[in-house]
Protein chains: 2
Amino acid sequence: MEETVGFLYHQVAERLEQMIGKGILSTGDKLPSVRVLSEEQGISMSTAFKAYGELEMKGLVEARPKSGYYVRFTPQELPQAPFAERRLPPKDISVGEMIREVYRNLSAEGIVRLSVAAPAPEHLPEAKLNKSMMEALREDAHSCIRYGDIQGNARLRQQLARLAFNWGGSAAPEDIVTTQGCMEALSFCLQALTRPGDTVAIEAPGYFGVSMVLNSLGLKVLEVPVHPETGIDLDYLENALGRTAVAACLFVPNFNNPTGACLPDERKERLVRMLARRNIPLIEDDIYGELYFGKSRPLACKHFDEKGLVLYCSSFSKMLAPGYRVGWCLPGRFREQVLMQKLAHTVTSAAPTHAAVARFLEAGRFGLHMRRLRKALHTQCLRYTQAICHHFPDNIRITRPQGGFTLWLELPPEVNAYALYRRAIRHNISIAPGQMFSADGRFSNYIRLSYGAPFSEEIEGSLEILGRLVGGGGEYGGDG
Amino acid sequence: MEETVGFLYHQVAERLEQMIGKGILSTGDKLPSVRVLSEEQGISMSTAFKAYGELEMKGLVEARPKSGYYVRFTPQELPQAPFAERRLPPKDISVGEMIREVYRNLSAEGIVRLSVAAPAPEHLPEAKLNKSMMEALREDAHSCIRYGDIQGNARLRQQLARLAFNWGGSAAPEDIVTTQGCMEALSFCLQALTRPGDTVAIEAPGYFGVSMVLNSLGLKVLEVPVHPETGIDLDYLENALGRTAVAACLFVPNFNNPTGACLPDERKERLVRMLARRNIPLIEDDIYGELYFGKSRPLACKHFDEKGLVLYCSSFSKMLAPGYRVGWCLPGRFREQVLMQKLAHTVTSAAPTHAAVARFLEAGRFGLHMRRLRKALHTQCLRYTQAICHHFPDNIRITRPQGGFTLWLELPPEVNAYALYRRAIRHNISIAPGQMFSADGRFSNYIRLSYGAPFSEEIEGSLEILGRLVGGGGEYGGDG
């Protein structure tokens with residue numbers, strides 16, 4: 001019953017949100033009173049109240065004392081989405097060194113970690129995961145301490161096969177190889193598919209970890225532009241494939257990091273067919289796929305895979321427990337090659353963490369947790385965006401992510417994002433400079449901000465400082 | 001419109017049916033409610049309802065009043081088909097395939113695992129380690145769930161720095177990088193030091209995992225003979241270095257696997273100086289170093305390292321908890337390069353297992369445990385050796401290990417160790433054929449037997465069967 005009521009208030013809130021989104025209701029508009037809303041919609045007063053509460057949480061409406069509810073914010077106020085990229089001249093630091101520096105400064109105390117694309121601990125089911133771990137240690141003590149199955153914990157693979165249903169997949173436990181996070185899965189797939197000197201197509205802007213592993217493996221890079229709304233530019237890719245021999249593609253079709261772009265499902269099909277015609281394997285990094293803000297989860301490219309050419313990779317690092325390092329891979333026809341890489345580089349995965357996640361999933365705790373996490377992230381996305389619009393200069397552009405953790409900001413061309421990083425860290429604010437998101441340090445006037453932590457006064461304060469630094473505010477000092 | 005809906009519900013039903021068919025969903029499992037299914041799949045409630053209706057028609061699911069849908073039948077309930085592996089050993093099996101086969105057969109029930117060079121769970125401090133894990137989860141909950149420090153858990157590195165005292169080392173926590181077991185440490189060191197096509201000097205016979213990782217990285221191999229008593233043949237190495245350009249050496253100076261040979265300390269000094277003169281880095285795998293049977297722990301080569309050219313690697317897999325995957329590395333002057341590899345391939349280590357081991361060491365539980373383990377292994381080494389002498393033909397040779405887990409047996413020249421493996425596994429006995437311990441499948445009349453499990457009647461019975469198989473005993477059948 002409570003469920004049904006919950007559903008109702010959410011429906012009402014959603015309809016109001018759509019009206020705000022379409023500009024039917026504008027900033028400052030007075031909304032119907034709780035009583036009027038309840039009468040008009042044929043719902044109880046408490047349901048109407050909850051509907052307004054949800055919109056308030058998202059920062060879309062505000063309650064004014066003794067006056068009622070008003071629209072507080074409409075997306076029309078958002079600056080444009082970024083699309084342009086500008087090459088900037090020389091850099092005094094390599095991209096790799098920049099990444100190391102940003103990571104190194106993260107471990108210090110008191111840092112506001114706007115650079116970490118992961119959920120804050122507040123959003124993670126710590127107590128329940130601990131419980132799952134303790135059950136595993138108690139009931140499966142021997143299997144937790146000894147070497148595990150090379151392919152991965154059997155109970156975990158069983159659960160992962162079920163999870164495949166969400167993205168339109170059908171997988172059996174024996175199709176799955178577990179790994180130490182998604183990064184290890186990507187690394188094994190690349191090593192299974194390529195030899196040094198081969199070219200791999202990746203996204204630009206794209207996750208810097210991918211450039212690092214390609215570099216470490218001596219692979220060449222073909223960068224394919226990503227549009228902040230519609231994802232990978234397939235026409236560009238198709239042209240490039242005609243000119244360049246590509247050993248594999250490595251893409252994040254659902255909620256690209258940093259832009260949050262999602263490749264529409266029909267374009268995923270086109271991508272998979274385009275590559276299948278040329279027999280080019282696709283390594284699909286779907287680590288953000290479950291973090292959608294829309295009505296339903298986007299499909300994975302693997303859904304369209306008929307030839308076993310898509311190697312699906314993901315992990316629980318962004319959903320459940322970054323520190324557990326529990327990832328997995330469905331390598332399609334390359335399963336034996338990927339297993340050989342795992343055997344050669346790490347032998348088996350850590351048994352206790354993998355057993356704990358298996359039990360957490362078995363207990364049916366995952367679905368509810370994910371619904372909460374998605375809702376929280378969507379809310380935070382909106383709150384952060386609003387604060388940025390408020391505190392940053394007008395001439396910036398900002399993405400509208402459809403899922404994931406990150407906002408991608410285009411700053412005025414004269415801003416050097418790395419210099420901005422250096423200034424921000426002196427205020428204990430860590431951001432990810434745009435240079436990190438391409439192999440050659442482009443995007444030098446872009447930054448990535450993560451909204452993984454709950455919005456708070458501290459966050460608002462940090463965004464305010466950042467906004468002034470971007471605007472060149474003297475009181476925060478230069479880069480001296 | 002009706003067409004589309006029909007198509008959709010049928011698709012959803014079909015995918016669920018596949019999951020039931022493959023055993024991903026089992027009899028009695030609760031299925032998502034109609035509402036949750038509709039949300040997750042982005043379909044209407046009525047479509048979700050129809051999908052369940054179709055499965056109900058087929059007798060695959062049932063609706064239980066006021067409770068929801070449950071799986072009613074899975075094909076796995078049928079009796080299993082008899083399992084029998086009757087292939088003849090192919091003449092041309094690769095060393096890699098052989099290793100995969102030996103590992104694959106390990107996960108079956110009821111196997112006597114003479115092929116696993118690790119302590120049996122009986123020797124491991126399961127309860128105390130579980131206690132350390134629970135303390136870590138309770139007291140450091142946030143650090144266990146979030147991304148850890150890239151270089152590794154600070155408390156663990158503090159303890160590892162202390163442990164270095166045992167092998168004559170002096171290390172600070174900041175000199176140490178933690179890894180997922182020793183194998184990952186070796187892999188990172190190799191990737192930090194070499195490029196594909198480079199040559200690396202290794203031991204023959206030597207641990208097969210090393211050949212696998214070199215092969216995966218496209219590295220060439222220079223094999224240096226190991227004498228079962230005195231270890232690596234330094235004269236051979238010195239000669240070879242005069243002829244061949246070597247990018248790095250990777251040796252197990254303390255208790256080589258499989259022979260158990262230990263390079264005497266004064267020869268370690270000669271080795272380190274010989275390589276330092278030529279500026280060749282030495283990757284030292286010291287995973288067995290603490291498992292000595294003599295009066296004191298042998299030194300590590302790292303003890304003699306003056307130029308930062310020795311990259312010391314080890315793990316707790318053979319001492320404390322194989323399944324925890326807690327290893328580490330002291331990369332000397334190559335620390336930044338090794339850290340970059342870690343960042344590129346795995347980002348951070350699993351936080352809970354590393355925190356648990358740190359606490360286990362802090363509690364002072366390690367010393368006593370190791371004294372017991374060394375004593376048990378020494379006893380087992382002797383008991384196994386005696387039983388082998390009793391049950392095997394007279395014309396075999398056997399090593400006298402000074403530490404570690406393994407005996408290395410030379411069998412009569414007409415014996416093919418891989419064929420012997422195939423015969424033994426039919427008696428549920430797993431051994432490691434000698435072919436696995438060189439890059440080109442030499443040592444075909446050798447086997448490695450591990451004495452990691454307590455001596456017992458079952459072990460004695462297995463060694464008796466093995467002895468007869470080696471002797472060609474007719475009653476155990478041929479290879480037909």
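Everything numeric here is computed off the predicted structure, so don't read it as measured data.

Procedures and definitions
Residues numbered from 1 in each chain as written. Chains lettered and ligands numbered in written order. Predicted model: local features only at pLDDT ≥ 70, side-chain atom pairs only at ≥ 80, totals over all residues. Heavy atoms only, no water. Helix = DSSP H or I, 4+ residues; strand = E, 2+ residues; numbered from the N terminus. Rg over C-alpha atoms; globule rule 2.2 N^0.38 Å. Contact = heavy atoms within 4.5 Å. Areas by Shrake-Rupley, 256 points an atom, 1.4 Å probe, with all protein chains shown as cover. Phe/Tyr/Trp six-rings, centres within 6.5 Å; stacked < 30°, edge-to-face > 60°. Core = buried A, V, L, I, M, F, W, Y, C linked by side-chain atoms within 4.5 Å. Buried < 20%, exposed > 50% of the residue type's maximum accessible area, 1.4 Å probe, protein only. Patch = residues over 30% accessible without salt bridge, like charges linked within 9 Å, V, L, I, M, F, W, Y side chains within 5 Å. Salt bridge = Lys/Arg side-chain N within 4 Å of Asp/Glu carboxyl O. Lys, Arg positive; Asp, Glu negative; His and termini not counted. Charge placed at Lys NZ, Arg CZ, Asp CG, Glu CD. Pairing = 2+ DSSP bridges. Axes fitted to C-alpha atoms, helices over the stretch in contact; angles between N-to-C directions. Domains from an automatic or database assignment. Parallel < 35°, antiparallel > 145°, perpendicular 65-115°, else oblique. Left-handed = near helix turned anticlockwise from the far one by under 90°. Nonpolar A, V, L, I, M, F, W, Y, C, P; charged D, E, K, R; others polar. Buried area = accessible area lost by both parts, 1.4 Å probe. Polar contact = N/O pair within 3.5 Å; in protein donor to acceptor, adjacent residues only side chain to side chain. Expected span 1.5 Å × (residues − 1).

Looking only at helices and strands, chain A has 16 helices and 16 strands in total. Against the globule reference of 23 Å for 480 residues, chain A gives a C-alpha radius of gyration of 23 Å, in line with a compact fold. Intrachain contacts of chain A at a sequence separation of at least 6 include 75% that bridge at least 24 residues. On chain A, roughly 17,900 Å² of surface is accessible, and the fraction owed to carbon and sulfur atoms is 50%.

For the coordinates displayed, the defined rule picks out 32 aromatic pairs over all chains. With a centroid separation of 5.0 Å and an interplanar angle of 35°, the aromatic rings of Phe316 of chain B and Trp328 of chain B are classed as tilted. Highlighted residues: Phe316 of chain B in the loop between β10 (310-315) and β11 (327-330) and Trp328 of chain B in strand β11, separated in sequence by 12 residues. Pairwise contacts between aromatic rings join Tyr103, Tyr207, Phe208, Trp408, Phe437, Phe443 and Tyr446 of chain A into one cluster.

Moving on to the nonpolar core. Inside soluble globular proteins, nonpolar side chains tend to come together where they are buried. Membership of the largest hydrophobic core comes to 275 residues, with the highest contact counts inside it found for Leu114, Phe316 and Leu409 of chain A together with Leu114, Phe316, Leu409 and Leu463 of chain B. Excluding its chain neighbours within four sequence positions, the residues that come into contact with Leu409 of chain B are Ile388, Phe392, Ile396, Arg397, Ile398, Asn445, Tyr446, Ile447 and Leu449 of chain B. With 22 residues, the next largest nonpolar core counts Ala240, Leu241, Val246 and Phe251 of chain A among its residues.

Time to look at a positive patch on the surface. All names here are of chain B. On the surface, Lys128, Lys131, Arg371 and Arg372 cluster together to form a positively charged patch. Looking at the positive patch, the elements with two or more residues in it are α5 (126-139) and α14 (366-391). Structurally, Lys131 can be placed in helix α5.

What follows deals with the pairing of strand β8 (residues 248-251) of chain B. All names here are of chain B. Neither face of β8 is open: one carries Ala248 and Leu250, the other Cys249 and Phe251, and all of them are buried. Relative to β8, strand β5 (residues 199-204) is paired through 3 bridges, and the arrangement is parallel. By the bridge assignment, Ile202 is partnered in β8 with Leu250. Bridge count between β8 and strand β9 (residues 282-285): 3 bridges; the pairing is parallel. Among the inter-strand pairings, Cys249 is bridged to a residue of β9, identified as Leu282.

This part covers the sheet that holds β8 of chain B. Through backbone hydrogen bonds, the strands of a sheet pair up, either in parallel or in antiparallel fashion. Residue and element names in this part refer to chain B. The 8 strands lie next to each other as β4-β11-β10-β9-β8-β5-β6-β7, forming an open sheet whose pairing is mixed. In this open sheet, the two strands that pair with only one neighbour each are β4 (177-179) and β7 (231-232). As paired elements, β9 and β10 share 4 bridges and run parallel to each other. What sits directly across from Ile283, in β10, is Leu311. Running over the sheet, helix α9 (residues 208-216) touches β5, β6 (220-227) and β8 and is turned about 165° from β5.

For side chains bearing opposite charge, pairing can occur when the charged atoms are close. Taken as a whole, this structure holds 49 salt bridges over all chains when the rule is applied. Here Asp29 of chain B ties to Arg162 of chain A by a salt bridge, and the two come within 2.2 Å at their closest N and O atoms. A residue pair is termed interchain when its members come from two chains, as with Asp29 of chain B in the loop between α1 (2-21) and α2 (34-41) and Arg162 of chain A in helix α7 (residues 154-163). Residue classification places Arg162 of chain A among the partly exposed positions, given a relative accessible area of 21%. The network of salt bridges with shared partners includes Glu135, Glu139, Asp140, Arg155, Arg359 and Glu362 of chain A.

Attention now moves to the domain arrangement of chain A. Domain annotation for chain A reports domain 1 (2-76), domain 2 (79-122 + 371-476) and domain 3 (126-364). If you average the C-alpha positions of domain 1 of chain A and of domain 3 of chain A, the two centres end up 39 Å apart.

For the rest of this paragraph, the subject is the packing of helix α8 (residues 181-193) of chain A against helix α9 (residues 208-216) of chain A. Residues and elements named next belong to chain A. Two numbers describe how α8 lies on α9: the axes approach to 11 Å, and their chain directions differ by 40°. Regarding the angle of α8 to α9, the classification is oblique. With respect to the hand of their crossing, α8 and α9 are arranged in right-handed fashion. Residues Met183, Leu186, Ser187 and Leu190 of α8 form the contact with α9, whose participating residues are Gly209, Val210, Val213 and Leu214. When the residues that make up the contact of α8 with α9 are grouped by side-chain class, the tally is 6 nonpolar, 2 polar and no charged.

With 76 residues of chain A at the contact, the number on the chain B side is 79 residues. Considering only the side of chain A, the residues that lose the most area to chain B are Ile145, Tyr147 and Phe165 of chain A, jointly responsible for 13% of the buried surface there. For the interface between chain A and chain B, the tally reads 32 residue pairs in polar contact (both at pLDDT 80 or more). The element contributing the most residues to the side of chain A that touches chain B is helix α12 (residues 335-345) of chain A, with 7 residues. Per-class residue counts for the side of chain A that touches chain B are 38 nonpolar, 23 polar and 15 charged.

For helix α5 (residues 126-139) of chain A, which comprises 14 residues, the first-to-last C-alpha distance of 20 Å matches the rise-based estimate of 20 Å (1.5 Å per residue) to within 8%. Every buried residue of α5 of chain A is accounted for by Glu126, Leu129, Asn130, Ser132, Met133, Glu135, Ala136 and Leu137 of chain A. Where α5 of chain A is buried, its residues meet α6 (141-145) and α13 (351-362) of chain A together with α5, α6 (141-145) and α13 (351-362) of chain B.

Now for the side chain of Ser315 of chain A. All names here are of chain A. As for its position among the elements, Ser315 is in strand β10 (residues 310-315). Within the structure, the side chain of Ser315 is placed 2.9 Å from the backbone nitrogen of Ser317, a separation counted as a polar contact. Once residues lying within four places of it in the same chain are set aside, the contact partners of Ser315 are Gly181, Cys182, Ile287, Val326, Gly327 and Trp328.

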